Amino acid sequence: MARFIIRSIISTIITMLLVSIALFFLIEVGSGDISVKILGVFATPEQRASYRAQLGLDAPAWQRYVDWLIGNDWRAERKVGYPLVTATNPQTGEQGWWADVDGQLTRWKMEEGQLLTLKRQDDGSSTAHLSSGGWEVNEEGQEVFWGVDTKNNAVQWMRGEGAEVWVLTKAGLRKEGDGPQVYIPLRKGLLRGDPGISLQFGRPVAVTLVPRIRNTLVLAGVAFTIIMPLALFLGILAGINEGKPLDRIISITSLGFTATPEFVTGIFLIIIFGIWLKVLPAVAIFTSPNAIFEDPTLLALPVLTLTAVELGYVARMTRASMVEVMDSPYIRTAIIKGMPKWRVVTKHAIRNALMAPITIIMLHVNWLIGGLVVVEVIFGYPGLGYYIYRSAIFGDYNAIEAAAMVTVAIAILTRLIGDLAYTLLNPRIRYA
Amino acid sequence: MSELVKAPPVLTLEDVAIAYKIRGGEIEAVQNVSFEINRGETHGIVGESGCGKSTVAWAIVNFLGANGYVKRGSIKFQGQELVGVTGEELRRLRGDQIAMVYQDPMQALNPSMRLGDQMSEVLTVHRGMEQKEAEARCIEMLERVYMPDAANVMRRYPHQISGGQQQRVVIATALLNNPALLIMDEPTTALDVTVEAAVLDLIAELRRDFDTAIMYITHNLGVVARVSTRVGVMYAGEMVERGTVEQIYEAPQHPYTQGLLRCVPKLGSDKVSSMLYPIRGRVPPPNNRPTGCIYGPRCDYVQDRCRNERPKLRQLPNGLWVRCHFAEDINPGEWTPSEDIAPPVVGIRDLNAEPILKVNNLKKYYEVKGTQLKDVLGLGEKRYVKAVEDASFKIPEGTTLGVVGESGCGKSTLIKTLIGLEDTTEGEARFLGFDITGPISERDQSLIQELQMVFQNPDSTMNPSYTVGQQIARPMQLFRTVPKAEIRAEVIKLLNSMRLGANYYDRLPRQLSGGEKQRVGIARALASHPDLVLCDEPVSALDVSVQAAILNLLLEIQQEFNTTMVFIAHDLSVVRFFSDQVAVMYLGQIMEIGPAEAIYTPPYHPYSEALLSAVPIPDPTVQQKHIRLEGSVPSAIDPPSGCRFHTRCPRRKLLPDDGQICVTDTPPWREAADGHRIFCHIPLETLRSFDPVISQEVS
Amino acid sequence: MAVQSMTTKRQPSRWEKFWNTASIVFESRVATVGMSIVLFWVLVAFISLFWTPYDPNASNFTQNLGPNTTNLLGTDHLGRDILSRLMQGTQVILLKTRLPGSDISIPGGVAIWGVLGSLSLGTLLGLNAGYRGGWWDQIIMQVLDALIAFPRIVLYLVVIAALGQGDLVVILAITITGAPGVARLVRSLALDIKTRDYIRAAETRGESVWYIMFREILPNARGPLLVDGMLRVGYAIFAIGTLGFLGIGLPPPDPDWGNMVNEARRNIFANQLAVIWPAVAIASLVIGLNLFADGLREELTRYQK
């Protein structure tokens, strides 16, 4: 059994790694120039190039992947020469990067060709001083300086030659002098809990993502706890009545619901309950992030939609497994031993019949997540699925990558749980 | 029947017909079956596959599935009519008064329930016994069936014990409520011969002690001869003959029974001095049975009356029941085979001919992965399954080497290694002078075509997607042995020599019977005219009448092409009949090798002796020495030290110190005669002094 | 001459074989119902190639009409005839794939090509993993596991976010998401089939690995593959509908059922029928394919018994 579990865990880790590579390269490499989307089609090539450099997009793809996964502060530290740390800005509550110069958190800034040292005070503000030195001569004989700027980048300035850079502000692109030559946008990396900045919202992805995940977990959790017992019950009921009218009714109905796309089911439910009967809100209106806790009826239609689609699938899997088990020689043995039917079903059949579907059901969780995307879009539910959808439409790559990794992690972890449950249920593996 | 009947029979079947509803009608799978079983009696039901013997068993317990039912007749159990009994009443009978044991015990036991729970529920449900008491009774019963460590077995799951032990558990469960009737459907078919022998002993013993009526269903004529007191022979859904076991085996009156007995080789008979006579034709399918005698189309004595009138089961003066119009007129002694089934006449093969295959100290080890944490991480010590250890033999051209041994003895691995499906771990193997220790991909095509194989399972030997012709033609195209234009003609020629007509060319495998598929498999192997054919249990999945035909066919081929063969089987009679040399394998090691006749008479290797003593022989007059092996076959991972057989050897105590040397030292090869070698510590003189295992009772 | 007689003899047997297979469908009521629904839509698709009541993209009528004699299914929020749009919408799913940057379409709908793509890719991977085993199996399965770990719609979103909208992109997305499932199926079939003696026979003849995989194993996997393929066409239509609903599916000018639902639902309080028609169309086609595949599978297994 140890072998089985360790194998599953190793395989899970490799899978996550592969997924992250696939995801990163598909989006970052495949999606073309993000600057077009953000700056619009009328931006000039220099504006684009400058903007891309500020996002670190001029680095090679593999470098960006590593940065994305495990961060780049350790890499930048070697250039800056000081440990890089984060400190919370008391005004915004967000994290900012600083160099730890002998215990003094420090940033730098170039103004009119002058390098200023900004020293962080305890209240979060900073005091500016003229920088005294630290310039180095590079191979080409230019004097350069590596430091941390005020926008959380590790940057390299060149003495006397402040670059012209285009900075995106709320008012649009603005040209600034005194810019650095090279940018390394500092990040801790996904594995260290920092998936980067959302281009859409301009805030760290982690901040915007967490409440969404919570909302989705509530929705999925409620749906799951309704679906599972009901579906298993219906599946077993159909399975032991194979070929009889009850089985036909359950089977065909579940097939019908499973084969109907979520958006069709959702729309029908809206029409029936929201418009014709007017008993439930047709559109979930989320006045606050906590709306679902204040008005649980908002959950009713989304949950019902998910249930309709998933219930049928699980019920059908269970039924198929139950039919197979009821047909097996050991059930025949139990019947020939004169065991009463209920005992045959409960003691002999169910445990074996649940073994096969449990892994498949757990595999199916990612289908459920797929369903969540659609359901959340239909009902405007502020969850993870809607977030992915919006990010995908916008091209907000940091956000999609993070959110997709979360969904994949959920899918893989549930699969792992399914494998473990199977191991525990199946004595052939447990006592191998 | 002159005997005074004291008690009414436990089970009486009268004129039972069982039908299955299918689309657009129904099929009578079983017709006119009548027999009775008394207390303390084992009634054998014997017949080839598809003759309806299991259907009768299922009908008794009323478990025919949704579409089957007893159409006519009555089934009485202790005077109570069973036909039509359903629901609670039926449930009370099942598992309490009537118990059942059937084939594959692994399948019959619930894989996810502890054995103790599966057993004790019979007592708690039927007898309302307390769990504690029930468990104690189960342990008692397990000990009664000689289950080692019974209390511990109660807590185990089915996959944790061996096949023979599983069957003991199933039998013990069946006996828990001391049933009046025990139905056994092929209970030993899935077991190895030495395990089978022990289980059969157990069944005989339990019948005496419990005074149970046993209905014993099997296809194996040898097994039925060993366990039964009376025997019914079934053919195509009818019982054609019924009598005491002696009557059936010594003086069968129905032509079918006579034919069956002519199909099986007697243990000790060989291809030179004896012949097998297959039964022509095939069993008619249930929806297409003749109106007259169902055996008519295959019968040598068929007359007009047989074609028009279905014979009734009638009793002859000697008490035998037979379903034949002319039973009294038939004298099996005067029977001569007709042209179409005449077996080939085979000469003695020359064991001194030039060897075509020489194998020297061949080893095949498989690496196994451990289950410990360190094994998964690759830190554990490497362990090996020693599937074949130091195999050495030579096969002279045109002769057959038979390899026998129980499952897991390495016989299949040996030929897989020879043909190149597995590569050799160590040792030497030369075929036609070429080294063949590498995998098949490293061999020259001209070498590949000289070394071909015939497989075991007729249902999987042919690719279901291609016609017979395409499959036989493929090797010809691949090896370019025949010009393209002539391939079809050549295939048909080959089909003809397999006694299959040209019309088989375009047939698909699903349109063929098992025997026909096996013939096509042989034709495919022969298509490239190989010098050496490796036969992996080519007849063990076939019914005896078909088996005889295939054996004859192989002999004919050998006679015609001087083909050399390696013949693997677990049936010792068949191997003896077919082979010139025999090798006996145990746990990867050849224990004894020599000319076929030498293996079957002393001096024996103790393992060969045990095997011979275990073989069920289809002749109740034969006396066999009673030697049973204890325990089960050890794992091939880290096999026993010294002699691999030492853990179970019944003869070890003949050596000083109870055979300590067998534990510590590898045995020497003892040359008993020219080419007859025995791998044993016991001196030849002692081995020679053993009595023969088999002796004929003088009748 | 022998060859001649062979072909003339085999021609009817193949036709017979086809009929035998086809008649299996009619044995099952479920399969018959499913097939009827599917055939209905295929017929509609072919008719739409030559005739639709009106121009599906022209706003010729009053907005949001209910069903009437002129517009049998009514009109949508832009005054377009819903029946014409529904009919035209079948084409991109079942009959044609539009190549980007030109007016050229190739025969075979997006759903069909997508499924063919996943069947081909999945078969290739599954055969290699199942038959060769060892490292091939480990690596292929690991990669497929990673793909399967993606929630399907998330993968669609990612692919479309990366590559943009278009018929070929949707085909690619369907191929990528479908291939792992096909590969798993083929792998399990190959694992089973490779234990058969006829595979041993081919190996002992020294046949190449590719011959064994594609000529010995694959033909015996076609039954389950056929059923799976049919189910997958259902999934593909399901997916196309969903993408259309999310507004990132098949691009205009052809009407897309999912997008019809998406657009009409903005007026859902005014006109429910405009939502219901395309929704019913998608659901019926997917359910039809599922019923067909399901009934067929049941009959095939019974047939094998």
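It should be noted that the structure appears before, not after, this text.
Residues numbered from 1 in each chain as written. Chains lettered and ligands numbered in written order. Predicted model: local features only at pLDDT ≥ 70, side-chain atom pairs only at ≥ 80, totals over all residues. Heavy atoms only, no water.

S.K.: Could you give an account of the overall build of chain C, naming the residues involved and the relevant values?
M.R.: When its secondary structure is counted, chain C shows twelve helices and two strands. The C-alpha extent of chain C, read off along each of the three principal axes, is 75 × 45 × 35 Å. Counting across all 305 residues of chain C, residues that qualify as buried make up 57%. Summarising the internal contacts of chain C: among those between residues at least 6 apart in sequence, 64% fall at separations of at least 24. Across chain C, the 25 positively charged side chains and the 21 negatively charged ones have centroids separated by 5 Å. (Helix = DSSP H or I, 4+ residues; strand = E, 2+ residues; numbered from the N terminus. Buried < 20%, exposed > 50% of the residue type's maximum accessible area, 1.4 Å probe, protein only. Contact = heavy atoms within 4.5 Å. Lys, Arg positive; Asp, Glu negative; His and termini not counted. Charge placed at Lys NZ, Arg CZ, Asp CG, Glu CD.)

S.K.: Describe in detail the packing of helix α8 (residues 262-276) of chain A against helix α13 (residues 365-379) of chain A, supporting the description with residues and values.
M.R.: Residues and elements named next belong to chain A. At a closest axis distance of 9 Å, the pairing of α8 and α13 adopts a crossing angle of 40°. Viewed along their axes, α8 and α13 adopt a mutual orientation that is oblique. Crossing hand, α8 versus α13: right-handed. Counting all contacts with α8, which are made through Glu262, Phe263, Gly266 and Ile270, the residues of α13 involved are Trp367, Gly371, Val374, Val375, Ile378 and Phe379. (Axes fitted to C-alpha atoms, helices over the stretch in contact; angles between N-to-C directions. Parallel < 35°, antiparallel > 145°, perpendicular 65-115°, else oblique. Left-handed = near helix turned anticlockwise from the far one by under 90°.)

S.K.: Which residues make up the sheet that holds strand β8 (residues 213-218) of chain B, and what values go with them?
M.R.: Residues and elements named next belong to chain B. Taken in spatial order, the eight strands of this open sheet run β6-β7-β8-β3-β9-β10-β12-β11, and their pairing is mixed. Unpaired on one side and paired on the other, β6 (98-102) and β11 (314-315) mark the two borders of the sheet. Of the pairings in the sheet, the one linking β11 to strand β12 (residues 321-322) comprises two bridges and is antiparallel in character. Bridge pairing in β12 links Arg314 to Val322. (Pairing = 2+ DSSP bridges.)

S.K.: Go over the pairing of strand β10 (residues 238-244) of chain B with me, naming the residues and quoting the values.
M.R.: Residue and element names in this part refer to chain B. Of all seven residues making up β10, six are buried, and the element is well covered by its neighbours. Counting the residues in the hairpin turn of strand β9 (residues 230-235) and β10 gives two residues, including Ala236, whose phi is positive at 50°. Summarising the sheet, β10 and β12 pair through two bridges and their orientation is antiparallel. Paired with Glu241 across the bridge in β12 is Val322.

S.K.: Break down the interface of chain B and chain C for me, citing the residues and quoting the values.
M.R.: Across the contact, 27 residues belong to chain B and 23 residues belong to chain C. In this assembly, chain B packs against chain C so that about 2,200 Å² is buried in total across both faces, 53% of it on carbon and sulfur atoms. Summed over the three residues of chain B that lose the most area to chain C, namely Arg23, Phe455 and Arg474 of chain B, the buried surface amounts to 23% of that side. Linking chain B to chain C there are eleven residue pairs in polar contact (both at pLDDT 80 or more). At the level of elements, β18 (451-454) and α16 (468-479) of chain B are the ones that each hand at least two residues to the side of chain B that touches chain C. When residues in the side of chain B that touches chain C are grouped by element, the largest group, five residues, is from α16 of chain B. (Buried area = accessible area lost by both parts, 1.4 Å probe. Polar contact = N/O pair within 3.5 Å; in protein donor to acceptor, adjacent residues only side chain to side chain.)

S.K.: Report on the sheet that holds strand β3 (residues 104-111) of chain A, specifying residues and quantitative values.
M.R.: All names here are of chain A. Read across the open sheet, the five strands follow the order β1-β2-β3-β4-β5; overall the sheet is antiparallel. Two strands bound the open sheet, and with one partner strand each, they are β1 (84-88) and β5 (126-130). Averaged over all pairs of adjacent strands, the angle between their axes in this sheet comes to 45°, without regard to strand direction. Pairing of strand β2 (residues 95-101) with β3 involves three bridges; the strand directions are antiparallel. Looking across to β3, one finds that Ala99 is bridged to Thr106.

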